[in-house]
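Observations on the three-dimensional arrangement
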Amino acid sequence: DEIDRETKIINDLLTLVKSDKATTKLNISQVSINNLLEQILKRLRPIAKKQNIELVLENIREVTAEQIARTNCNNAQRKLEMLMAANFEPEDLMITATYRDADLPESAEVTRRRLGKVFAQLRAYRKARGLPDLKYIYVLAGRHGDHRPHAHIILNAVGGDLELFKSLWIWG
């Protein structure tokens, strides 16, 4: 077993020397690092055991892009839920701002700018009347495919906010 291992190492080194001198193409391929480490440990464990050394590999599972995306989505949803619970009450407003055909925005950035103007006007209205500061969360939707763009908005409510928002949102 030890002789086979040394023979393989020597052959690998000879192959490297030959490839360095000649124009031999290297055979490059993608491998699983976990599998490679398992193979290395199979060879090293008998040697380590003779020296009373224990080799342990903590195998970390491979994570797919889909798993990462799902985890990120779950974390974003949890964060949004905590933000809503900390800042809003059941009597606050949930508004969906939509667009008329003639006023459809060219991009999500246009919708962001328009919402920014409306929020600035709401903020100024509240400040001028000594009302509580404006708090809001919005999510843009309908930006993919043939879905109509719109925004889901949560506002901390004070009297008359819905009517005021309707008068300020002139695009839908």
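The coordinates are above.
In this report, the structure presented in the accompanying data block is examined. Computed from a prediction, not measured in an experiment: that's the story for all the values here. (Residues numbered from 1 in each chain as written. Predicted model: local features only at pLDDT ≥ 70, side-chain atom pairs only at ≥ 80, totals over all residues. Heavy atoms only, no water.)

Observations concerning the overall build of the protein
Tallying secondary structure elements over the protein gives 5 helices and 3 strands in all. Counted from the first residue to the last, the protein has its helices and strands arranged as α-α-α-β-α-β-β-α. In summary, the protein has a C-alpha radius of gyration of 31 Å against a globular reference of 16 Å for 172 residues, an excess of more than 25%. Referenced to the eigenvectors of the C-alpha coordinate spread, the extents of the protein come out at roughly 90 × 45 × 25 Å. Relative to its full complement of 172 residues, the protein shows a buried share of 23%. Residue pairs at least 24 apart in sequence account for 62% of intrachain contacts in the protein once pairs closer than 6 positions are excluded. Counting 27 positive and 23 negative side-chain charges, the protein places the centres of these two groups 4 Å from one another. (Helix = DSSP H or I, 4+ residues; strand = E, 2+ residues; numbered from the N terminus. Rg over C-alpha atoms; globule rule 2.2 N^0.38 Å. Buried < 20%, exposed > 50% of the residue type's maximum accessible area, 1.4 Å probe, protein only. Contact = heavy atoms within 4.5 Å. Lys, Arg positive; Asp, Glu negative; His and termini not counted. Charge placed at Lys NZ, Arg CZ, Asp CG, Glu CD.)

Focus on the packing of aromatic side chains
Scanning all chains against the criterion turns up 6 aromatic pairs. On the basis of an interplanar angle of 20° and a centroid distance of 6.4 Å, the ring pair of Tyr136 and Tyr138 is categorised as stacked. For Tyr136, a relative accessible area of 30% gives the class partly exposed. Ring centres of Trp169 and Trp171 lie 4.9 Å apart, and the angle between their planes is 75°; on these two criteria the pair is classed as edge-to-face. The class for Trp169 is buried, based on a relative accessible area of 6%. Every member of this aromatic cluster is reached through a ring pair, and the members are Tyr99, Phe165, Trp169 and Trp171. (Phe/Tyr/Trp six-rings, centres within 6.5 Å; stacked < 30°, edge-to-face > 60°.)

Some thoughts on the sheet that holds strand β1 (residues 93–97)
Taking strand neighbours across the sheet as the criterion, the 3 strands line up as β1-β3-β2 in an open arrangement whose pairing is antiparallel. Both outer strands of the open sheet, β1 and β2 (136–141), are each paired with one neighbouring strand and no more. Across the sheet, the axes of successive neighbouring strands diverge by a mean angle of 15°, strand direction being ignored. Bridging between β1 and strand β3 (residues 150–155) involves 5 bridges; their strand directions are antiparallel. Across the sheet, Met94 pairs through a bridge with Ile154, a residue of β3. Along the sheet, helix α5 (residues 161–168) contacts β1 and β3; its crossing angle with β1, the most-contacted strand, is approximately 15°. (Pairing = 2+ DSSP bridges. Axes fitted to C-alpha atoms, helices over the stretch in contact; angles between N-to-C directions.)

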